[in-house]
Every structure is written in C-alpha cells, then in structure tokens.
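Now for the letters of each chain:
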Amino acid sequence: MSDLKDPRVLFAAERTLLAWNRTSLALIAFGFLVERAGLLLSALAPDHVHASGMVLTFWLGFAFIFLGAASAIYSSRQYAVFLKTLNPAEFPEGYGIRWGMLVNVAVAILALGLIVVLYIGRF
C-alpha cells in the first residue's frame, strides 16, 4: 500500500495504462494489416499466391488482433488492482480515474468485434 499521499503515483500508473493502450492499438492495427496482406498479395500476383499463404496470413493477423485485445484487457485489470492500493489522498478531487481503463476495455471489445467481422467476411 502506498503512503506517499502524492497524486503523481496515480498519474504514473495512468501513463503506464495509456502506454499499454497504445501498444494494444498497434498490435490490433498490425494484425489487421497482416490479415489483409494476403488479399493484397493475391490481387497483385494471383498466379504466385498459394492457398496456404492466404490461410497463414489470415490466422496470423487474427493472432495479433487477439493479442492486442488481450493486452488491453489485462492492462485494465492491472490498473484496477493498482487503484485499490492507493489512499484517498492520492486521488485528485473530481478527477475521473477510470476513463483510461474504460477506453482500454472499449478497444478490446472493438478488437474482438473486428475479429468476428473479419472471420464472417472470410467465409
């Protein structure tokens, strides 16, 4: 438990949460790019693309998107656990401490929705 009575501890944890948010967004974007790379390759060189390569880019992209969603959820959980260790004096008055966590959870839900949409569109 923290005894610093300093709101900078909260702000440091929030910066860490937002760094994980950027990481999860980057993983999701990269996963989408990898998933769509198979379609791009088949459009550019339809004679040289194998079905196994298309399947591989599809599932590899899904793995990156899922990893991004999982990192968003896990970092939100870690942030919530950390918030429980702080004293009331470490929270600035009127400051919304849970908005970053809610954004992370929304990113995770949208990433899982992206997986569903890409999967449905694939078959």
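So, how was this worked out
- Residues numbered from 1 in each chain as written.
- Predicted model: local features only at pLDDT ≥ 70, side-chain atom pairs only at ≥ 80, totals over all residues.
- Heavy atoms only, no water.
- Salt bridge = Lys/Arg side-chain N within 4 Å of Asp/Glu carboxyl O.
- Buried < 20%, exposed > 50% of the residue type's maximum accessible area, 1.4 Å probe, protein only.
- Helix = DSSP H or I, 4+ residues; strand = E, 2+ residues; numbered from the N terminus.
- Expected span 1.5 Å × (residues − 1).
- Bend = angle between axes of the 7 residues up to and from the residue.
- Patch = residues over 30% accessible without salt bridge, like charges linked within 9 Å, V, L, I, M, F, W, Y side chains within 5 Å.
- Areas by Shrake-Rupley, 256 points an atom, 1.4 Å probe, with all protein chains shown as cover.
- pLDDT = per-residue confidence, 0-100.
- Contact = heavy atoms within 4.5 Å.
- Axes fitted to C-alpha atoms, helices over the stretch in contact; angles between N-to-C directions.
- Parallel < 35°, antiparallel > 145°, perpendicular 65-115°, else oblique.
- Nonpolar A, V, L, I, M, F, W, Y, C, P; charged D, E, K, R; others polar.
- Core = buried A, V, L, I, M, F, W, Y, C linked by side-chain atoms within 4.5 Å.

So, the pattern of salt bridges
Here is step 1: Enumeration over the complete set of coordinates arrives at one salt bridge.
Here is step 2: Between Glu-35 and Arg-36 there is a salt bridge whose closest N-O contact spans 3.0 Å.
Here is step 3: Classification of Glu-35 as buried rests on a relative accessible area of 4%.

Quick notes on helix H1 (residues 7–44)
Here is step 1: For H1, which comprises 38 residues, the first-to-last C-alpha distance of 54 Å matches the rise-based estimate of 56 Å (1.5 Å per residue) to within 8%.
Here is step 2: At Arg-36, H1 shows its maximal bend, which comes to roughly 30°.

Notes on a nonpolar patch on the surface
Here is step 1: The grouping of Val-55, Trp-59, Val-116, Tyr-119 and Ile-120 at the surface amounts to a nonpolar patch, some 490 Å² of accessible area in total.
Here is step 2: Where the nonpolar patch is concerned, the elements lending two or more residues are helix H2 (51–83) and helix H3 (99–122).
Here is step 3: Ranked by residues supplied to the nonpolar patch, first place goes to H3 with three residues.
Here is step 4: Of the residues examined, Val-116 reaches a relative accessible area of 46% and is grouped as partly exposed.

Structural notes on the environment of Asp-6
Here is step 1: Tracing the backbone shows Asp-6 in the segment before H1.
Here is step 2: You can call Asp-6 buried: its relative accessible area is 19%.
Here is step 3: A C-alpha to C-alpha distance of 45 Å links Asp-6 and Val-117, two positions 111 residues apart in sequence.

A few points about the environment of Trp-99
Here is step 1: Following the sequence through the fold, Trp-99 ends up in helix H3.
Here is step 2: The spatial distance from the C-alpha of Trp-99 to the C-alpha of Leu-33 is 28 Å, given a sequence separation of 66 residues.

Observations regarding the confidence of the model for the protein
Here is step 1: Mean pLDDT over the protein: 88, with 92% of residues reaching 70 or higher.
Here is step 2: Across the protein, the secondary-structure element scoring lowest on mean pLDDT is H1, at 90, and the one scoring highest is H3, at 94.

Things to note about the side chain of Thr-57
Here is step 1: For Thr-57, the position within the fold is in helix H2.
Here is step 2: Apart from residues no more than four positions distant in its own chain, Thr-57 is found in contact with Val-34, Glu-35 and Gly-38.

A closer look at the packing of H1 against H3
Here is step 1: As a packed pair, H1 and H3 sit with axes 10 Å apart at the nearest point and diverge in direction by 10°. In terms of axis orientation, H1 runs roughly parallel to H3. Taken together, the residues of H3 that come into contact with H1 (itself represented by Leu-17, Asn-21, Ser-24, Leu-25, Ile-28, Phe-32, Glu-35 and Arg-36) are Gly-100, Met-101, Val-103, Asn-104, Val-107, Ala-111, Leu-114 and Leu-118.
Here is step 2: Grouping the constituent residues of the contact of H1 with H3 by class yields ten nonpolar, four polar and two charged.

Section: the nonpolar core
Here is step 1: Ile-28, Phe-58, Phe-62, Ile-65, Ala-69, Ala-72, Val-107, Ala-108, Ala-111, Ile-115 and Leu-118 together form the largest nonpolar core, which totals eleven residues.
Here is step 2: Counting only elements with at least two residues in this core, the list comes to H2 and H3.
Here is step 3: With residues near it in sequence (within four places) discarded, Leu-118 still touches Phe-32, Glu-35, Arg-36, Phe-58, Phe-62 and Ile-65.
Here is step 4: Among the nonpolar cores identified, the runner-up in size contains ten residues, and Val-9, Leu-10, Tyr-79 and Leu-83 belong to it.

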